[in-house]
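# Architecture and fold: a report
Here are the chains, one letter per residue:
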Amino acid sequence: MNRRTFRTVLDRLGLLPVLRRVRELVSIAQSFKANRAVLKTGVPDGLPVPPAHLRILVAASPDLAWFLEGGRRGGQSVRGILERNGVPIQSAGPILDFGCGCGRVLRSFVGSGVSISGSDLNSKLIDWCRLHLPEARFEKNGLRPPLPFGGGEFGLVYSLSVFTHLPEALQRPWMDELARVLRPGGHLVFSTHGARYVAPLSKEEKARFESGHLVVRHDD
C-alpha cells in the first residue's frame, strides 16, 4: 500500500484528522525548547508570533526560528526583485500579500511606510492577523475569484507558494484577478516550482513542461 492509498483509507475511516493532530503535538513538543529560547531572546521584529498550530498550517513546522527566517527571506526576495528592476519598495505600494497565511512574509513589510493588505482562504489565519497585526488590512478570499478589493487598488501584489497548490483550472482565473487589482504599471511577483523540480516528472510530464505548458501533480 503506497502512502497516498494509506491516507485515503485513513480518511475514509475518519482517522486522518487524529493522525494529523498526533503528528502536530509531537512536532510541537520536539521544538518546545528551541522555540522557548527564541522567545526568551526576543523576536527580532518585535511583532506578535502566531501559535504553533498556525505556524504548522502555513510552514509545515512549529519551529519559530524557521518561521521567522522563512518570512524574512520571502520579504527579502520580493524586495530584491523590485530593486533589481529599479523599483524602491516605497514607490511600489500599496502592497497585497495574496495567500498571506498568518503574516509570515507580510510582517517583513510592516514599518516600511507602505500600505499593506493581506488575503487568505483560511478564516482562522485572517482572524489571527486582524487581531495581532493591526498595521495591515486583512480580508478573506474564496477558492475562486473575485478578491474583495477594487480594480487597480495595488501597486504590488506578491503570492509566494500559492500557485504551487492550485490546479490548472484555478491558475488562469487567479492570474487574471491579480492583474485586475493591480494598477497600470503595477508589479506582480509569484512563485512556482520550476526547472528545479523536473527530475521526478514522468516522461509525458517532462515533455509537457519542456513544451512550455503547465504541469500540475496531485491536483485533487
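This text gives an overview of the structure that appears in the document. Being a predicted model, the structure only gives us computed values, none of them experimental.

Relative to the elements of secondary structure, Ser112 occurs in the loop between strand S1 (95–98) and strand S2 (116–120). For Ser112, a relative accessible area of 14% gives the class buried. Within the structure, Ser112 has its side chain in polar contact with the backbone oxygen of Phe109 (distance 2.7 Å). A polar side-chain atom of Ser112 sits 3.5 Å from the main-chain amide nitrogen of Val114. Once residues within four sequence positions are removed from consideration, Ser112 is found in contact with Arg79 and Gln90.

A large share of strand S4 (residues 154–159) lies buried, amounting to six of its six residues. Direction of pairing for S4 relative to strand S5 (residues 182–190): parallel, over a ladder of five bridges. Across the sheet, the residue bridging to Tyr158 is Val189, located in S5. Traced from S4 through helix H7 (residues 168–181) to S5, the parallel crossover comes out right-handed.

Bringing the packing of aromatic side chains into the picture now. All told, the structure shown has four aromatic pairs when counted by the stated rule. Between Phe149 and Phe154, the ring centres sit 5.1 Å apart and the planes meet at 80°, which makes this aromatic pair edge-to-face. Pair check on accessibility: Phe149 and Phe154 agree, each one buried. For the ring pair Phe163 and Phe190, a centre distance of 5.1 Å and an interplane angle of 45° mean the geometry is tilted. Remark: Phe190 occurs in strand S5 and Phe163 occurs in the loop between S4 and H7; sequence separation between them is 27 residues. Exposure remark for Phe190: the relative accessible area of 35% places this residue in the partly exposed category.

Over its 14 residues, H7 extends 21 Å from the first C-alpha to the last, a length consistent with the 20 Å expected when each residue adds 1.5 Å. Among all positions in H7, only Leu170, Gln171, Trp174, Glu177, Leu178 and Val181 are buried. Take H7 and look down its axis: the buried residues cluster within an arc of 135°, on one side only. Of the exposed residues in H7, the ones pointing more than 90 degrees away from its buried face are Ala169 and Arg172.

Right, let's get into the sheet that holds S2. Strand pairs in the sheet, formed through backbone hydrogen bonds, run parallel or antiparallel to each other. Here we have five strands laid out as an open sheet, ordered S3-S2-S1-S4-S5, and parallel in their pairing. Strands with a single pairing partner mark the edges of an open sheet, and in this sheet they are strand S3 (137–140) and S5. Going across the sheet, the axis of each strand differs from the next one's by a mean of 20°, ignoring polarity. In this structure, S1 lies alongside S4, joined through three bridges in parallel fashion. Within the sheet, the bridge partner assigned to Ile95 lies in S4 and is Leu156. Set on the sheet, H7 makes contact with S1, S4 and S5; between it and S5 the angle comes to about 135°.

Before going further, it helps to spend a moment on unusual backbone geometry. Put simply, Gly93 and Pro94 share a cis peptide bond, and its omega is -5°. Among the structural elements, Pro94 can be located in the loop between helix H5 (89–92) and S1. Here Pro145 and Pro146 are connected by a cis peptide whose omega angle stands at 15°. Here Pro146 lies in the loop between S3 and S4.

Take the side chain of Glu205 next. With respect to the helices and strands, the residue Glu205 is situated in helix H8 (residues 203–210). A distance of 2.9 Å separates a polar atom in the side chain of Glu205 from the backbone nitrogen of Ser202. Not counting the four nearest positions on each side in its chain, Glu205 is found in contact with Val215 and Arg217.

This next bit is on helix H4 (residues 64–84). Taking 1.5 Å of rise per residue, 21 residues should cover 30 Å, and H4 covers 30 Å from first to last C-alpha, within 8% of that figure. Of the positions making up H4, those classed as buried are Leu64, Phe67, Leu68, Gly70, Gly71, Gly74, Gly75, Val78, Gly80 and Leu82. Two or three places before Ala65, at the start of H4, stands the capping residue Asp63, its side-chain oxygen 3.2 Å from that residue's backbone nitrogen. Phi turns positive one or two residues past the end of H4, at Gly86, with a value near 70°.

What counts and what doesn't
Residues numbered from 1 in each chain as written. Predicted model: local features only at pLDDT ≥ 70, side-chain atom pairs only at ≥ 80, totals over all residues. Heavy atoms only, no water. Helix = DSSP H or I, 4+ residues; strand = E, 2+ residues; numbered from the N terminus. Buried < 20%, exposed > 50% of the residue type's maximum accessible area, 1.4 Å probe, protein only. Polar contact = N/O pair within 3.5 Å; in protein donor to acceptor, adjacent residues only side chain to side chain. Contact = heavy atoms within 4.5 Å. Pairing = 2+ DSSP bridges. Right-handed = clockwise from strand over helix to strand, strands pointing away. Phe/Tyr/Trp six-rings, centres within 6.5 Å; stacked < 30°, edge-to-face > 60°. Expected span 1.5 Å × (residues − 1). Arc of directions from axis to C-beta. Axes fitted to C-alpha atoms, helices over the stretch in contact; angles between N-to-C directions.

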